[in-house]
Amino acid sequence: MQINNIHSESEGTMNEDLENNNTETPQDMSHSMVKKKSDPVLVTNSNARFQMLRSFMTNLHVVVLATKLVVLFPAVPLAVAANFYNFGRPWIFAFSLLGLAPLAERVSFLTEQIAYYTGPTVGGLLNATCGNATEMIISLLALHKNKIHVVKFSLLGSILSNLLLVLGSSLLCGGLANLKREQRYDRKQADVNSLLLLLGLLCHLLPLLFRYALAGGNYSVATSTLQLSRACSILMLLAYVAYIIFQLKTHRKLFDAQEEEDDEDKAVIGFWSAFTWLVGMTLVISLLSEYVVGTIEAASDSWGISVSFISIILLPIVGNAAEHAGSIIFAFKNKLDISLSVAMGSATQISMFVVPLSVVVAWIMGIRMDLDFNLLETGCLAFGIIVTAFTLQDGTSHYMKGVVLTLCYIVISACFFVLKTPLTNQYPKVNFGAKVSFDDTST
């Protein structure tokens, strides 16, 4: 009986509980549901924010802090601050120049990271386009401000820097680090790049020779030289397109040395993260390049250094910092094929792509830019290309070749350092239909 009473009492209690539950209002039920589900949502949101912060810090370490040029990154905000607070224009130029060095190196790194996800063809095109982003941006900004001399000087200096300084220091350091081993490389890559550089040299020589050939005649020399330069620029761009197809499609095996050496490397950053950082750093490069272009004359006057020396020597050294460091590292490891690919490939890209592209863009903008780089500059370019071609003709290397190339670059640097000729005398205006006088162009 007691058991039955207990059982009946328990059933009654359960029924009362069920009735009480059934009497809850919809507001109470919704409140309880929200209360029960809110805790996981808060936890999920906090975890997501923590993961985003952790991912950002990881990317910041990989992209900004992992480079050895991280000590130069403070120059970027210093350049912005110097411009905002109206410091001296030479200070703005100096900080901007220093800030461009790590940014150019990181753009090259981010381009390589994106190439891991896009495949060899798109990655190769991306490297070909962004490999000299700093030079391209400076050239476009200088064209926008109609500073044609800065465009010509900086592009000429970039070619000379890659051929003589980057390649020369790589052969020198590689030869000293591998004294007991013979350093060899594939001549086929060097031959292709040398041929393209010689073609570019011909396109630079023809407008110069054309100007001298028409001296004393009643011809519009400036117009004829400009038309010839634009025609040569279009042909140079077509030749570069053929080179890209040759390199990435038809004869890819000739350029596979670098990929075979780097097969074990993997991407250390995600695609969209790399793309976002690349866009951001490109914008910062554009800002600093605008500072450089706008203050280069003031820095020249303040420091007592010619604009030609700053543009031909200082700017390319900063822009080629990534190629310079990478080429030397590979030469130390006795990987000369990669060093040659870096140095010669960058020089070929500037000569056959960036230079003619600048002429075409200037044509579209209504600016009269030609391929006549004047006698002294064109002579230095021809000398650098010919010496480099002779240096690489036997397929072997030693440190003495690096010594010669590096000394050639030092001699050319000294030449432009002592050159104090004003820019107005270097690029005289020609009166259309009148006889040409070269008295003002003497240096």
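Small disclaimer: the values here were computed from a predicted structure and weren't measured.

Thresholds, definitions, all that
Residues numbered from 1 in each chain as written. Predicted model: local features only at pLDDT ≥ 70, side-chain atom pairs only at ≥ 80, totals over all residues. Heavy atoms only, no water. Helix = DSSP H or I, 4+ residues; strand = E, 2+ residues; numbered from the N terminus. Buried < 20%, exposed > 50% of the residue type's maximum accessible area, 1.4 Å probe, protein only. Contact = heavy atoms within 4.5 Å. pLDDT = per-residue confidence, 0-100. Salt bridge = Lys/Arg side-chain N within 4 Å of Asp/Glu carboxyl O. Axes fitted to C-alpha atoms, helices over the stretch in contact; angles between N-to-C directions. Left-handed = near helix turned anticlockwise from the far one by under 90°. Nonpolar A, V, L, I, M, F, W, Y, C, P; charged D, E, K, R; others polar. Core = buried A, V, L, I, M, F, W, Y, C linked by side-chain atoms within 4.5 Å. Bend = angle between axes of the 7 residues up to and from the residue. Patch = residues over 30% accessible without salt bridge, like charges linked within 9 Å, V, L, I, M, F, W, Y side chains within 5 Å. Areas by Shrake-Rupley, 256 points an atom, 1.4 Å probe, with all protein chains shown as cover.

A. Representation of the environment of Ala382. Residue placement: Ala382 occurs in helix α15 (residues 375-391). Overall, the relative accessible area of 14% leaves Ala382 in the buried class. Taking the C-alpha atoms as reference points, Ala382 and Leu205, separated by 177 residues in sequence, lie 8.8 Å from one another.

B. Local environment of the side chain of Thr396. Residue position: Thr396 is located in strand β2 (residues 396-397). Excluding anything up to four places from it in sequence, Thr396 contacts Glu182, Gln183, Arg184, Tyr185 and Lys401.

C. Inspection of the confidence of the model for the protein chain at higher detail. Averaged over all residues, the pLDDT of the protein chain is 78; the fraction at 70 or higher stands at 77%. Counting contacts from residues 1-10, a segment whose pLDDT is below 50, to residues more than four positions away or on other chains yields zero contacts. Segment residues 16-38 is flagged for pLDDT under 50; beyond a separation of four residues in sequence, or across chains, it makes one contact in the model.

D. Structural detail: the pattern of salt bridges. Tallied over the entire structure, the rule returns four salt bridges. Its salt-bridge partner being Glu297, residue Lys147 comes within 3.0 Å of it at the nearest N-O pair. Here the residue Lys147 occupies a position in the loop between α6 (133-144) and α7 (148-177), and Glu297 occupies one in helix α11 (residues 271-303), the gap between them amounting to 150 residues. For Lys147, a relative accessible area of 14% translates into the label buried. A salt bridge links Lys401 to Asp394, with the shortest nitrogen-to-oxygen separation between them at 2.7 Å. With a relative accessible area of 11%, Lys401 lands in the buried category. Asp394 sits in the partly exposed class, given a relative accessible area of 39%.

E. Expanded view of the packing of α7 against helix α16 (residues 399-418). Axis separation between α7 and α16 bottoms out at 7 Å; the angle between their running directions is 145°. Where α7 crosses over α16, the two elements pack in a sense that is left-handed. Between α7, through Leu160, Ser161, Leu163, Leu164, Leu165, Leu167, Gly168, Ser169, Leu171, Leu172, Gly175 and Leu176, and α16, the contact on the second element is made entirely by Tyr399, Lys401, Gly402, Val403, Leu405, Thr406, Cys408, Tyr409 and Ile412. Split by residue class, the contact of α7 with α16 holds 14 nonpolar, six polar and one charged.

F. The nonpolar core, seen in detail. Judged by nonpolar contacts, the single largest core of 103 residues is most densely connected at Leu110, Leu163, Leu167 and Met281. For this core, the element with the highest residue contribution is α7, accounting for 14 residues.

G. Summary view of unusual backbone geometry. Non-glycine residue Asn86 carries a positive phi angle of around 60°. Mapped onto the elements, Asn86 comes out in the loop between α3 (75-84) and α4 (89-118). The backbone phi angle of Asn334 is positive, close to 60°, even though this residue is not glycine. Mapped onto the fold, Asn334 is located in the loop between α13 (321-332) and α14 (336-365). We classify Asn334 as partly exposed; its relative accessible area is 23%.

H. Geometry of the side chain of Ser139. Within the fold, Ser139 resides in helix α6. Non-local contacts of Ser139, meaning those with residues more than four positions away in its chain, are made with Val151, Ser154, Leu155 and Ser358.

I. Region of the structure containing α11. Where α11 bends most, at Thr295, the angle is about 50°. Following α11 by one or two positions, Gly304 has its phi on the positive side, about 70°.

J. Region of interest: a nonpolar patch on the surface. The grouping of Leu176, Leu179, Tyr399, Met400 and Val404 at the surface amounts to a nonpolar patch, some 470 Å² of accessible area in total. Here the nonpolar patch gets three residues from one element, more than from any other, and that element is α16. By secondary structure assignment, the location of Tyr399 is in helix α16.

K. Expanded view of the environment of Pro90. Mapping Pro90 onto the fold places it in helix α4. On the basis of relative accessibility, which here comes to 16%, the residue Pro90 falls in the buried class. Counting along the chain gives 210 residues from Pro90 to Ser300, while the straight-line C-alpha distance between them is 8.1 Å. Here Pro90 is in contact with Ala298, Ala299, Ser302 and Trp303, once residues within four sequence places are set aside.

L. Fine view of the environment of Ile328. Mapped onto the elements, Ile328 comes out in helix α13. Sequence separation between Ile328 and Gly168 is 160 residues; the distance between their C-alpha atoms is 9.5 Å. When residues no more than four places from it in sequence are discounted, the contact partners of Ile328 are Ser169, Ser170 and Cys173.

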